[in-house]
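For reference, the chains in residue letters:
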Amino acid sequence: MAITKSAMNQLRAYINFTQIRFHCSKEKGTTFHVRTTLNNKGAKVVRYFSGERDEMPDSCDSFVRMDGDNSRLAQNCATWAYHGKWGHVRHNVGENRLYNYAAFVAHSYHWIISTGGHWMCDDNISNNLSTGDFWKVYVR
């Protein structure tokens, strides 16, 4: 189950969160664990994933790595698709921007939650799932 852009917008209206944390891990892979910063760049990410803006925000300096993060995504924010931006021009135009290519390096590392059967966490292999693999999004 994934939360839509509209649901994120409603949640933000209720609790006025200022940060989003992305956390996924695969037993057969790495762990992507970042949270948005409490600065202007982090605020743009929150507004983007809440549907308050459609311009894809810069990735670098918009998040900090959390304990356990050993992801290639977090280490390579400048190479995220579309010149170091959160999101995807084609895949994030609808309600699914939070879970469909929210962060990715083309043909290499992806954050994807079950879009067409794909489950990717800092990888581009959707069929290497194990018990205990997880994808979580937190707000505060």
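Before any of the text, the structure's been laid out above.
Scope of this entry: the structure provided in the associated data block. (Residues numbered from 1 in each chain as written. Predicted model: local features only at pLDDT ≥ 70, side-chain atom pairs only at ≥ 80, totals over all residues. Heavy atoms only, no water.)

**Structural notes on the overall build of the chain**
Here comes step 1: Scanning the chain from terminus to terminus reveals four helices and seven strands.
Here comes step 2: In summary, the chain has a C-alpha radius of gyration of 14 Å against a globular reference of 14 Å for 140 residues, a match within 12%.
Here comes step 3: By principal-axis analysis of the C-alpha atoms, the chain measures approximately 35 × 30 × 30 Å.
Here comes step 4: Counting over 140 residues, the chain shows a buried share of 46%.
Here comes step 5: For the chain, the proportion of contacts with a sequence separation of at least 24, taken over those separated by at least 6, is 59%.
Here comes step 6: When the accessible surface of the chain is summed, it comes to about 7,100 Å², and 50% of that surface belongs to carbon and sulfur atoms.
Here comes step 7: Within the chain, the 12 negative side-chain charges are centred at a point lying 3 Å from the centre of the 17 positive side-chain charges. (Helix = DSSP H or I, 4+ residues; strand = E, 2+ residues; numbered from the N terminus. Rg over C-alpha atoms; globule rule 2.2 N^0.38 Å. Buried < 20%, exposed > 50% of the residue type's maximum accessible area, 1.4 Å probe, protein only. Contact = heavy atoms within 4.5 Å. Areas by Shrake-Rupley, 256 points an atom, 1.4 Å probe, with all protein chains shown as cover. Lys, Arg positive; Asp, Glu negative; His and termini not counted. Charge placed at Lys NZ, Arg CZ, Asp CG, Glu CD.)

**Focus on unusual backbone geometry**
Here comes step 1: One non-glycine residue with positive phi stands out, namely N16, at about 50°.
Here comes step 2: Examined against the element boundaries, N16 turns out to sit in the loop between α1 (5-15) and β1 (20-25).
Here comes step 3: Phi at D122 takes a positive value of approximately 60°, unusual for a residue other than glycine.
Here comes step 4: Mapped onto the secondary structure, D122 falls in strand β6 (residues 118-123).
Here comes step 5: Since its relative accessible area comes to 0%, D122 is described here as buried.

**Considerations on helix α2 (residues 40-49)**
Here comes step 1: Along α2, the residues classified as buried are G42, V45, V46, Y48 and F49. Buried residues of α2, viewed axially, fall in a sector of 165°; they line one side.
Here comes step 2: The opening residue of α2, the one whose side-chain oxygen lies 3.0 Å from the backbone nitrogen of K41, is N39.
Here comes step 3: Looking one or two residues past α2, G51 carries a phi angle of roughly 80°, positive in sign. (Arc of directions from axis to C-beta. Polar contact = N/O pair within 3.5 Å; in protein donor to acceptor, adjacent residues only side chain to side chain.)

**Here we look at the sheet that holds strand β2 (residues 31-36)**
Here comes step 1: A sheet is described by the order of its strands in space; here four strands give the open sequence β3-β2-β1-β7, paired in antiparallel fashion. Every interior strand has two partners, whereas the edge strands, β3 (63-65) and β7 (134-139), have only one. Adjacent strand axes in the sheet meet at a mean angle of 20°, parallel and antiparallel pairs treated alike.
Here comes step 2: Across five bridges, β1 lies against β2 in antiparallel orientation. When the sheet's bridge partners are listed, H23 is paired in β2 with H33.
Here comes step 3: Packed on one face of the sheet, α2 meets β1 and β2 and runs near 75° to β1. (Pairing = 2+ DSSP bridges. Axes fitted to C-alpha atoms, helices over the stretch in contact; angles between N-to-C directions.)

**Looking at the environment of H110**
Here comes step 1: Mapping H110 onto the fold places it in strand β5 (residues 109-115).
Here comes step 2: For the pair H110 and N100, spaced ten residues apart in sequence, the C-alpha separation works out to 8.9 Å.
Here comes step 3: Contact partners of H110, with chain neighbours within four places excluded, come to L73, Y101, A103, F104, V105, M120, C121, D122, D123 and N124.

**Quick word on the environment of N124**
Here comes step 1: Along the chain, N124 turns up in the loop between β6 and β7.
Here comes step 2: Sequence separation between N124 and F104 is 20 residues; the distance between their C-alpha atoms is 9.3 Å.
Here comes step 3: Not counting residues up to four positions away in its chain, the partners in contact with N124 are H107, S108 and H110.
Here comes step 4: From its side chain, N124 meets the backbone oxygen of H107 in a polar contact 3.0 Å long.

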